[in-house]
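An overview of the molecular structure
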Amino acid sequence: MPARHLTLRILSRLGTSLVVAWASVTAAFVALHALPGRIEDILAGDVDFPGLREAIAAEWGLDRSLPAQYADFLLRLAHGDFGTSYVLRRPVIEVVGSQLRPTVELAFAAGLLAVLLAGGLALATAGRGRLAHGLASSLELVAASTPVFWLGILLLMAFSFSLRWFPVAGAKSWNALVLPAIALALPTAGLLAQVLREAMEKTLDQPFVTTVRARGVGETAIRIRHVLRHALLPAVTLGGWLIGGLLGGAVITEKVFGRPGLGTVTLGAVLTHDVPVVLAVVLLAALIHVAASTLLDILYLLIDPRLRTT
Amino acid sequence: MTASPHSAPAAVALSTEGLVGTVASVPTSVLRATRFRPRHPPRFILAAGFLAMLALVALGPGLFTRYDPLTGDFSETLKGPSWVHPFGTDRLGRDVLARTLYGTRYSLLIGLAGMAVSAAAGVLLGVLAGLRNRLLDEAVSRLFDVLSSFPGVLLAMLVVTFLGQGMANIAIAVGIAGIPKFGRVVRAQTQLVRDADYVTHAAIYGLGRSRIFLRHVLPNVLVAVPVIATIYIGNTILVVSGLSFLGLGPQPPTPEWGVMLAESRDVLRVAWWPGVFPGLAITLTVIAFSIVGGVLQKRFEGRIA
């Protein structure tokens, strides 16, 4: 009963995402209200005069009872209203929405590049003897261990300052995306290639590969049509985690390359304790993670027909 | 131990699902579990040697350089690498080698502190979930799901929003983000151990429940902890240096590697050295931990069969 199996998994994912959303907003609410006067402090900033805190409390509804504030908070969230930024005094949805595009572009470009690089490396080097194994695994280890921001700095030094091929900062043209995407993609590609190559090497040892080879199928066709398909399963398991990693890495990459985007907004919000904005970004990331994991569950069924019959 | 066809230390390290299946095992004896076998692959010796050196530098950075990491010489700003300053000087005339050496302290210390937070909370929650209470198990497992739904860097940023910047706070932040890594493995390990024959035998001999737990279950669960720690510490150091780079951790002029790289961004046009050496230090450290963690993990698995 494949459909039922799938429905159950998706329902449980949705359940998890609801729990995730509820737990994080509640934790944020508790943390904010645990210290009385905390929100007034953030809102007041450096300004202080008698009556200011009372005025702020009245304006933002902080003078009501905690349960009433909590109920109101949840109700507004349920309507998709993330509240108003403490610092920018604009609706959070507007703040986050206006900066979404450059970040999604970056994460998408980097994700695509990472998959292509990892797939290419794994296809080319899996099961090709000890030398290829050693080279590929060293390459993957170095790529996976290099911090995104250092890679960004090295790329800037080589290609922006010395060779002047790419702009140093900004997100105005397509070529401003090249270096950030490479910096973000390489560490991800390293991790993905490790998993993919290991899985391919295991698959290449299986009897069915010998059977296919005995039928006279060429090596490249075996690798792409038969081995890669088996090896994709463990890589797909890693996929949800990698998408989260790309979003987190995008924040850092934006800082290195001076790109506008969610990262810049989030960092500013973290430093000014602008809780509604940070919360919205983190929730968005968590929901993307859950959505991606659900899609990957469906992808499993497409890749592996054995799962459809259980 | 020579030409094993699939050695991908960091990859295994980072897919939590895989790890639960591989690290968790029923140990036969705590002592035998931690004893090394005589033969080590060369990369292990190299990596372990590097880490030993790193520990030495962290303990006494002053032994390896005569410069102070904080005082600069304004007649020597942005000098390239030379015999006097092997890693060059930064824009305040501070010796980059001295700063990189002293930086070892901060990066290792914050990484280890974060790890300790993850390990303590993860072991406590994992053991609770692994015992026989279904409800508790469900609640704790959901908590792990929730924590691991957030990208580590963003979760840490959320924690820093509440706690404020600083070294202790980013250690707590990455520590919280890392709880599920320990918790899931410890839970699986507890389940395996609680059903193991020697635990059943101990019960048949009439030992009390708390005695069985303290003498037989807990020690055999805890053997997994150092292995998980060495596998994940590299990743923790990466996240910590990233948060420092963003300005959320220690503040300038602290010679922390991430902070140094953030400072180097401003002088990239004229000087490459302040932007190269601290990054190299992070990368080599992470690689060394990955190699050592991978070998330890294989030892740990090899013992099960």
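Being a predicted model, the structure only gives us computed values, none of them experimental. Numbering of residues starts from 1 in every chain and runs along the sequence as written. For naming, the first written chain is A and the first written ligand is 1, with later ones following in the order written. Under the rules for a predicted model, residues below a pLDDT of 70 receive no local features and side-chain atom pairs below 80 are neither given nor counted, while totals for whole chains, interfaces and linings still include all residues.

Some points on the overall build of chain A
Counting from the N terminus, the helices are DSSP H or I runs at least four residues long and the strands are E runs at least two residues long. Within chain A one finds twelve helices and zero strands. What you see in chain A, going N to C, is helices and strands ordered as α-α-α-α-α-α-α-α-α-α-α-α. Seen through its principal axes, chain A has C-alpha atoms that stretch 85 × 60 × 30 Å. Residues with at least 20 other C-beta atoms within 10 Å of their own are called buried, those with 12 or fewer are called exposed, and the rest are partly exposed. The C-beta atoms themselves are positioned from the backbone. When the 310 residues of chain A are sorted by exposure, 38% land in the buried category. By definition, residues are in contact whenever their C-beta atoms, placed on the basis of the backbone, come within 7 Å of each other. A separation threshold of at least 6 residues defines the contact pool for chain A, and within that pool the share at least 24 residues apart is 74%.

Some words on the interface of chain B and chain A
Taken together, the contact pairs 45 residues of chain B with 47 residues of chain A. When residues of the side of chain B that touches chain A are traced back to their parent elements, those giving at least two are helix H1 (9–14), helix H6 (134–148), helix H7 (152–163), helix H12 (224–245), helix H13 (257–264) and helix H14 (273–302) of chain B. Nonpolar residues are Ala, Val, Leu, Ile, Met, Phe, Trp, Tyr, Cys and Pro. Charged residues are Asp, Glu, Lys and Arg, and all others, Gly as well, are polar. The residue makeup of the side of chain B that touches chain A, split by class, is 26 nonpolar, 14 polar and five charged.

Considering helix H5 (residues 92–125) of chain A
Residue and element names in this part refer to chain A. Between its terminal C-alpha atoms H5 stretches 47 Å, which fits the 50 Å expected from 34 residues at 1.5 Å a residue. Working definition for bend: take the seven residues up to and ending at a residue and the seven starting at it, fit an axis to each, and measure the angle between the axes. At Leu100, H5 is bent by approximately 45°, the largest bend along its length, and proline Pro102 sits one to four residues beyond. Looking one or two places after H5, you find Gly127, whose phi comes out positive at around 65°. Helix span, expected: 1.5 Å multiplied by one less than the number of residues in the helix.

With respect to the nonpolar core
The term nonpolar core refers to a set of buried Ala, Val, Leu, Ile, Met, Phe, Trp, Tyr and Cys residues connected through C-beta atoms within 7 Å. Ranked by size, the top nonpolar core spans 155 residues in total, and within it Leu192, Leu196, Val278 and Val282 of chain A together with Leu154, Ala156 and Ile170 of chain B carry the most contacts. The biggest single contributor to this core is helix H8 (residues 175–204) of chain A, with 18 residues.

Looking at unusual backbone geometry
Of note, the amide linkage connecting Pro252 of chain B to Pro253 of chain B takes the cis form, showing an omega dihedral of 10°. Here Pro253 of chain B lies in the loop between H12 and H13. Backbone geometry at His273 of chain A places phi at a positive 55°, although glycine is not the residue there. Position of His273 of chain A among the secondary structure elements: in the loop between helix H11 (262–271) and helix H12 (275–303). Take His273 of chain A: there are 20 C-beta atoms within 10 Å of it, and that puts it in the buried class.

Focus: the confidence of the model for chain B
All names here are of chain B. Here chain B shows a mean pLDDT of 82. Residues at 70 or above account for 86%. Confidence scores here are pLDDT values: one per residue, from the predictor, ranging 0 to 100. Of all helices and strands in chain B, the one with the weakest mean pLDDT is H1 (38), whereas helix H5 (residues 96–130) scores best (92). Within the model, pLDDT remains below 50 along residues 1–19, and this stretch shows 47 contacts once partners closer than five positions in the same chain are excluded. This prediction of the complex comes with two scores: 0.83 for pTM and 0.84 for ipTM.

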